[in-house]
Amino acid sequence: MNPLVMIGSILFMLGLLVFSLKLIAFNRKKYMYEDSQTTPTDFSSAYSSLFIRILALVVLVIAFVILYMFNH
């Protein structure tokens, strides 16, 4: 694989990741208006946000591994 193609693929993956995280945040803000009424003991929204970020990082790492395997 050409190094420029690999760099372009990595930048494309990062762009898709940022776009998807921004879209998730926008949808949460638009459709989940009850977040402003949560109490400090309600951590469900914090856990779901953390889960989405961890899942995005795992997908990104898997994509890097696949790109590395195709490069060598």
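The text that follows walks through the structure, step by step, so that each part is easy to find.

Conventions we followed
- Residues numbered from 1 in each chain as written.
- Predicted model: local features only at pLDDT ≥ 70, side-chain atom pairs only at ≥ 80, totals over all residues.
- Heavy atoms only, no water.
- Helix = DSSP H or I, 4+ residues; strand = E, 2+ residues; numbered from the N terminus.
- Areas by Shrake-Rupley, 256 points an atom, 1.4 Å probe, with all protein chains shown as cover.
- Core = buried A, V, L, I, M, F, W, Y, C linked by side-chain atoms within 4.5 Å.
- Buried < 20%, exposed > 50% of the residue type's maximum accessible area, 1.4 Å probe, protein only.
- Contact = heavy atoms within 4.5 Å.
- Expected span 1.5 Å × (residues − 1).

As for the overall build of the protein chain
Summing up its helical and strand segments, the protein chain has two helices and zero strands in all. A total accessible area of about 6100 Å² is found for the protein chain, and carbon and sulfur atoms account for 75% of it.

Considering the nonpolar core
In terms of nonpolar packing, the biggest core is built from seven residues, these being M6, M13, L17, A56, L60, A63 and L67. Taken together, the elements giving at least two residues each to this core come down to α1 (3-31) and α2 (44-71). Broken down by element, this core gets its largest block of residues, four residues, from α2. Ignoring any residue separated from it by four or fewer positions in sequence, one finds L17 in contact with A56 and L60.

Digging into α1
For α1, built from 29 residues, the straight-helix expectation of 42 Å at 1.5 Å per residue is met to within 8% by its first-to-last C-alpha distance of 42 Å. By the burial criterion, the buried members of α1 are M6, M13 and L17.

Purely geometric numbers; function is a separate question.
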